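# Understanding the architecture of this molecule
Here is how the chains run, residue by residue.
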Amino acid sequence: AQSVSQHNHHVILSEAASLELGCNYSYGGTVNLFWYVQYPGQHLQLLLKYFSGDPLVKGIKGFEAEFIKSKFSFNLRKPSVQWSDTAEYFCAVNAKDNAGNMLTFGGGTRLMVKP
Amino acid sequence: KAGVTQTPRYLIKTRGQQVTLSCSPISGHRSVSWYQQTPGQGLQFLFEYFSETQRNKGNFPGRFSGRQFSNSRSEMNVSTLELGDSALYLCASSYGTGGSLSGANVLTFGAGSRLTVL
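What counts, and where the lines are drawn
- Residues numbered from 1 in each chain as written.
- Chains lettered and ligands numbered in written order.
- Predicted model: local features only at pLDDT ≥ 70, side-chain atom pairs only at ≥ 80, totals over all residues.
- Heavy atoms only, no water.
- Disulfide = S-S within 2.5 Å.
- Helix = DSSP H or I, 4+ residues; strand = E, 2+ residues; numbered from the N terminus.
- Contact = heavy atoms within 4.5 Å.
- Polar contact = N/O pair within 3.5 Å; in protein donor to acceptor, adjacent residues only side chain to side chain.
- Nonpolar A, V, L, I, M, F, W, Y, C, P; charged D, E, K, R; others polar.
- Pairing = 2+ DSSP bridges.
- Salt bridge = Lys/Arg side-chain N within 4 Å of Asp/Glu carboxyl O.
- Buried < 20%, exposed > 50% of the residue type's maximum accessible area, 1.4 Å probe, protein only.
- Phe/Tyr/Trp six-rings, centres within 6.5 Å; stacked < 30°, edge-to-face > 60°.
- Lys NZ or Arg CZ within 6 Å of the ring centre and 35° of its normal.

Here we take up the state of the cysteines. Residues and elements named next belong to chain A. Tallied over the entire structure, the rule returns two disulfides over all chains. With its sulfur 1.9 Å from that of its partner, cysteine 23 forms a disulfide with cysteine 91. Here the S-S torsion is close to -65 degrees, and the disulfide linking cysteine 23 with cysteine 91 is therefore left-handed. You can see cysteine 23 sitting in the loop between strand E3 (19-21) and strand E4 (24-26) and its partner cysteine 91 sitting in strand E10 (residues 87-95), a full 68 residues away along the chain.

This is how it looks when you write it as structure tokens:
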């Protein structure tokens, strides 16, 4: 079974600071990787995804993530955060050989951006 | 196009009762998944249905069940409610299913049904 770890539970940054949220997964096979975001009072939204190809993927709102297979990592980055990025961020994994769409989520990272 | 619609949005039940939650997927989507979100356990997979068949089931007791209808709408039921069942129940839909399919199996989530058990 796969598992996902997000080591930073709470992150507080000032506007314009750079962001990197860690995500590590545990699974021996090939995976699809996702970052979802949950803004206050809103539903989960897809930020970006990796299925194959270029390990550096770009998502919405200036976010990007890099898949490093050797480290089983899929860290999320943004060069300059804004107050509107305040949200909870979830990393998720889906095994490619899974017969369905089951996602295993990390515990989430709450980001607060101070204006 | 309309997103994933979940009803009811909020509900309060007492221990021992049962509850049924409904999910209407995005038009054309055939896969519906359910997740439980709690502060302590985070997001946990309950089950997935595709073309009226359960594809996967998470590690939840048999009190949690679900089904999918021919129009892809799905319901989940929790019987004999316990205090620990208080949670946000999220439904997600996608066009396809299966980890080997690129793009077609990206999940779109609904706003959730917040269940409080007293």
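Having seen the structure, we can now continue with the description.
Let's shift gears to unusual backbone geometry. Residues and elements named next belong to chain B. The omega torsion of the bond from threonine 7 to proline 8 falls at -10 degrees, within 30 degrees of zero and hence cis. Relative to the helices and strands, proline 8 is located in the loop between strand E1 (5-7) and strand E2 (10-13). Positive phi is not limited to glycine here, since glutamate 52 has a value of about 70 degrees. Position of glutamate 52 relative to the elements: it lies in the loop between strand E5 (42-50) and strand E6 (53-57).

With that settled, consider the interface of chain A and chain B. For an interface, size is often stated in terms of accessible area lost upon the parts coming together. At the junction of the two partners, chain A supplies 20 residues and chain B supplies 26 residues. On inspection of chain A and its partner chain B, the count reaches six residue pairs in polar contact (both at pLDDT 80 or more). No other element matches strand E5 (residues 31-38) of chain A, which puts four residues into the side of chain A that touches chain B. For the side of chain A that touches chain B, the residue count by class is eleven nonpolar, seven polar and two charged.

In this structure, E5 of chain A lies alongside strand E6 (residues 45-50) of chain A, joined through five bridges in antiparallel fashion. Note that in E6 of chain A the partner of leucine 33 of chain A across the bridge is tyrosine 50 of chain A.

Once that is clear, we can look at the pattern of salt bridges. All names here are of chain A. The tally for this structure, following the rule as stated, stands at nine salt bridges over all chains. With a shortest N-O distance of 3.4 Å, glutamate 64 and arginine 77 are connected by a salt bridge. Taken together, the residues span a long stretch of sequence, with glutamate 64 in strand E8 (residues 64-68) and arginine 77 in strand E9 (residues 73-78) at a distance of 13 residues. A relative accessible area of 19% means that glutamate 64 is categorised as buried. Between glutamate 88 and arginine 110 there is a salt bridge whose closest N-O contact spans 3.5 Å. A residue pair is termed long-range when its members are at least 10 positions apart, and glutamate 88 in strand E10 and arginine 110 in strand E12 (residues 109-114) qualify at 22 residues. Owing to a relative accessible area of 13%, glutamate 88 belongs among the buried residues under this scheme. Judged by its relative accessible area of 47%, arginine 110 falls in the partly exposed class. Among the ionic contacts, a cluster of salt bridges with common partners joins Lys58, Glu64, Glu66 and Arg77.

Within the secondary structure layout, phenylalanine 90 of chain A lies in strand E10. In this structure phenylalanine 90 of chain A comes out as buried when scored by relative accessible area, which is 2%. Through-space distance from the C-alpha of phenylalanine 90 of chain A to that of histidine 10 of chain A is 12 Å; in sequence the pair is 80 residues apart. With residues near it in sequence (within four places) discarded, phenylalanine 90 of chain A still touches Gln6, Phe34, Trp35, Tyr36, Gln38, Leu44, Phe105, Gly106, Gly107 and Gly108 of chain A together with Gln37 and Leu43 of chain B.

Once that is clear, we can look at the packing of aromatic side chains. Applying the stated rule across the entire model yields 15 aromatic pairs over all chains. Geometrically, the ring pair formed by phenylalanine 34 of chain A and phenylalanine 51 of chain A is edge-to-face, given 5.8 Å between the ring centres and 85 degrees between the ring planes. You can see phenylalanine 34 of chain A sitting in strand E5 and its partner phenylalanine 51 of chain A sitting in the loop between E6 and strand E7 (56-58), a full 17 residues away along the chain. We note that phenylalanine 34 of chain A, like phenylalanine 51 of chain A, is buried. Note on phenylalanine 105 of chain A and tyrosine 35 of chain B: the rings are 5.6 Å apart at their centroids and 90 degrees apart in plane angle, and the pair reads as edge-to-face. Separated into two different chains, phenylalanine 105 of chain A in strand E11 (residues 104-105) and tyrosine 35 of chain B in strand E4 (residues 31-38) make up a pair that spans both. Cation over ring: arginine 30 of chain B sits above tyrosine 95 of chain B, and NZ or CZ is 4.7 Å from the ring centre.

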